[in-house]
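# Results of the structural survey
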Amino acid sequence: MDPLEDSLAALVLDAAAGHVPAGMPRALDSLVFESASAAAAGEDDGDEDAGDEDSPDQGVDRADLVRFLKAVARVASTPRSAFEVSTRIFSARVPLLRMIHKTSQLKCDFVVSNRLGVENTALLRTYTQIDERFHKLGFAVKHWAGMCEINDAANNMLSSYAIINMLIYYLQRTSPPVLPFLQLLETPAHPRVEKPVGPWDVYFLADAAAARQTLLPRNPATTGELLIGFFDYFARFDYETVTICTREPTPLSKADKGWADAAFAIEDPFDLSHNLTKGVQPLGLRYILECIRRAREHFGRTLASHPNAPVFDPAALAGVGMPSPLAPRRCFRCQSREHQINDCPRPKPENEPRYHGTPRKSAPQTPASGPRRGPARDAASGHHAAPQSGPRPKPQIKSRDGQDSSRADWRSPAPPAAAAAA
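A brief look at the structure comes next. For clarity, every value in this text was computed on a predicted model and none was experimentally measured. Here the residue index of a chain counts from 1 through its sequence in written order. Where totals are concerned, whole chains, interfaces and linings use all residues; where local detail is concerned, this predicted model gives features only for residues with pLDDT of at least 70, and gives and counts side-chain atom pairs only at 80 or more. Processing note: side-chain calculations cover all non-hydrogen atoms of the structure and skip hydrogens and water entirely.

Our next topic: the overall build of the protein chain. Within the protein chain, the secondary structure is distributed over 13 helices and 9 strands. Two residues qualify as a contact provided that any one of their heavy atoms is within 4.5 Å of a heavy atom in the partner residue. Considering only contacts in the protein chain between residues 6 or more positions apart, those separated by 24 or more positions represent 61%. The Shrake-Rupley method, run with a 1.4 Å probe, gives the accessible areas here. Residue values count only the displayed protein chains as cover. Accessible area of the protein chain: about 23600 Å², with a carbon and sulfur share of 54%. Each helix corresponds to a stretch of at least 4 residues labelled H or I by DSSP, and each strand to a stretch of at least 2 residues labelled E; elements are numbered beginning at the N terminus.

Shown next, in the form of structure tokens:
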């Protein structure tokens, strides 16, 4: 067990002394340490938005997960802790803590009861071991997405995991392919055996050496050529009808998945009911596509004619005068973009407003939904009068000359034009 795992073990044991979620004490250690091993091995952090992409395991209460993570956060925030808590994201589909190991400076996403997230990490690690170009391209594409401000799933853009799946999809369809379809491969030493996690089968060939043998002859393209090819491929992609699917080579349409109304569709490799880009709106997709086209122009032509130009130039990639169509969501308490106000680590001040941003719109009042009024009281008998059926009659408003006015809806003098016409 390495120092990172030792530190995690101490952190978990201290937190568990206060609270352990019911139904998961046995699985806790294996889940944490499997994720930690992937991080320590230099795993590409393509699943860093797993809190938004996955779901908690069945049979585990979400409230228990949040209480346990809060206990972990309290222990990790003490001076003797080996970790520093950077972000608390308790409102995501899978509540998580983002921490930094003080000794190694490794960034850790601490999640509990998320087997699909662990399997996703193992799948990405195997793809990384098959071809080193995938690892380099992953960092390049994610750096480009962050520079263009489209790597923000919380803001209805793309998550890192969705971007990595786009890259895998493209590399599976080059000629010859750079990456195989791991979920379809099997060997005599590794026969296909169903591996259920909840309702989903998470089998894939985890033997990177055996998977590499299926890719002969090797694709000779350089990392730079593949990067240009990635942007060219998705600049011409049919986003309207096609679903990005890394499980199999058979084309998959949005209609097949029941996602015809989605602007952008990427199928999760394991949770087949989950669209990784379900939050992307048509305006956001237009901005993403424009950034892809500008990247194709920059990497494919500008750098060829101007070798000394900056490789990642924000003005050339994101576009001058082309702001992101979606205003970034921030925590109103500390102005951080890493979390929402419900997850803010700062204490709530006494004078903090109840609502932030645009106030809620109240529904229009109709005779059926208007404010309730008690029945009128009869002046002679003192008893409540029977309620009248149908809409209430409009009150007659006396004008200044004492005559009834037909303009019963006005609450101020009539406009000059109306007064002249009268």
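We are not done yet, so read on.
Moving on, we come to the sheet that holds strand 2 (residues 96-101). The rule for pairing is simple: two strands pair if DSSP sees at least two bridges between them. The 3 strands lie next to each other as 1-2-3, forming an open sheet whose pairing is antiparallel. Of all the strands in the sheet, just strand 1 (83-89) and strand 3 (107-111) have a single pairing partner and so form its edges. The sheet shows a mean angle of 25° between the axes of neighbouring strands, taken without regard to direction. As judged from the 5 bridges shared by strand 2 and strand 3, these two strands associate in the antiparallel manner. If you follow R98 over to strand 3, its bridge partner there is D109. To get an axis, fit a line to the C-alpha atoms, keeping to the stretch in contact for a helix; angles then go from 0 to 180 degrees between the N-to-C directions. Sheet strands in contact with helix 4 (residues 62-76) are strand 1, strand 2 and strand 3, and its direction is about 20° off that of strand 2.

Summarising burial for strand 2: 5 of the 6 residues are buried, a large majority. By the bridge criterion, 6 bridges tie strand 1 to strand 2 in an arrangement that is antiparallel. When the sheet's bridge partners are listed, F83 is paired in strand 2 with H101. Between the antiparallel neighbours strand 1 and strand 2 lie 6 residues. Relative accessibility thresholds used throughout: buried, under 20% of the residue-type maximum; exposed, over 50%; partly exposed, between the two (1.4 Å probe, protein chains only).

With respect to the secondary-structure elements, F312 resides in the loop between helix 11 (282-305) and helix 12 (314-318). Here F312 falls in the partly exposed class, since its relative accessible area comes to 27%. Between the C-alpha atom of F312 and that of A295, which follows or precedes it by 17 residues, the distance is 9.2 Å.

Opposite charge on two side chains permits them to pair, given that their charged atoms come into close proximity. For this analysis, a salt bridge means a side-chain nitrogen from Lys or Arg found within 4 Å of a carboxyl oxygen belonging to Asp or Glu. Tallying each qualifying case throughout the model produces 14 salt bridges. D64 is paired through a salt bridge with R67; the nearest N and O atoms lie 2.4 Å apart. Of this pair, D64 and R67 both sit in helix 4, 3 residues apart, which is roughly one turn of the helix. In this structure D64 comes out as buried when scored by relative accessible area, which is 12%. The exposure class of R67 is partly exposed, given its relative accessible area of 43%.

What follows covers the packing of aromatic side chains. Any two aromatic rings considered together are summarised by their centre-to-centre distance and by the angle between their planes. To pair, rings of Phe, Tyr and Trp, with the six-membered ring standing in for Trp, must have centres within 6.5 Å; the planes then decide the type, stacked if under 30 degrees apart, edge-to-face if over 60, and tilted in the middle. Considering all chains together, one arrives at 17 aromatic pairs under this definition. A centroid spacing of 6.0 Å and a plane angle of 90° characterise the contact between Y169 and F237, whose relative ring orientation is edge-to-face. Placement of the pair is Y169 in helix 7 (residues 160-171) and F237 in the loop between helix 9 (223-235) and strand 6 (242-243), with a sequence separation of 68 residues. Exposure class is identical for Y169 and F237. Each is buried. What links up through ring pairs into an aromatic cluster is the set W144, Y169, Y170, F230, F231, Y233, F234, F237, Y239, F264, F299 and F312. In this arrangement the basic side chain of R173 is found over the ring face of Y169, its NZ or CZ atom lying 3.7 Å from the centre. Two thresholds decide whether a charge sits over a ring: the Lys NZ or Arg CZ must be within 6 Å of the ring centre and within 35 degrees of the ring normal.

Attention shifts here to the state of the cysteines. When the sulfur atoms of two cysteines come within 2.5 Å, that pair is taken as a disulfide. This structure, assessed with the given rule, holds 0 disulfides. Its sulfur unpaired, C148 is 4.1 Å from the next cysteine sulfur, which belongs to C291.

Along the polypeptide, Q183 turns up in the loop between helix 7 and strand 4 (196-197). Since its relative accessible area comes to 7%, Q183 is described here as buried.

What follows covers the nonpolar core. Definition used in this section: a nonpolar core is a set of buried Ala, Val, Leu, Ile, Met, Phe, Trp, Tyr and Cys residues joined via side-chain atoms within 4.5 Å. By size, the foremost hydrophobic cluster in this structure holds 65 residues, and its most contacted members are W144, L171, L182, F234 and F264. Those elements giving two or more residues to this core turn out to be helix 5 (115-130), helix 6 (132-147), helix 7, helix 8 (208-213), helix 9 and helix 11. Top contributing element to this core by residue count: helix 7, with 10 residues. If we skip the residues at most four places from it in the chain, F264 touches L158, M166, Y239, I244, K254, N275, T277, V280 and L285. In terms of nonpolar packing, the next biggest core, distinct from the first, is built from 19 residues, L8, V66, V85 and V112 among them.

This part is about the packing of helix 5 against helix 7. Helices that pack against each other are described as a pair by the angle of their axes relative to one another and the distance between those axes. For the pair helix 5 and helix 7, the least separation of the axes is 12 Å and the interaxial angle reads 40°. Our classification of the angle between helix 5 and helix 7 gives oblique. Remark: the crossing between helix 5 and helix 7 carries left-handed chirality. Where helix 5 abuts helix 7, its residues N120, L124 and Y127 lie against Y161, I164 and I168. The scheme is simple: roughly parallel for angles under 35 degrees, roughly antiparallel for over 145, roughly perpendicular for 65 to 115, oblique for anything else. For any pair of crossing helices, the crossing counts as left-handed if the nearer helix is rotated counterclockwise from the farther one by less than a right angle, and right-handed if it is rotated clockwise.

Turning next to helix 11. A helix's residues, less one, multiplied by 1.5 Å, set its expected span. The terminal C-alpha atoms of helix 11 lie 34 Å apart, and with 24 residues this matches the ideal 34 Å at 1.5 Å per residue to within 8%. Buried within helix 11 we find G284, L285, Y287, I288, L289, C291, I292, A295, H298, F299 and L303.

Keep in mind these values describe shape, not function.
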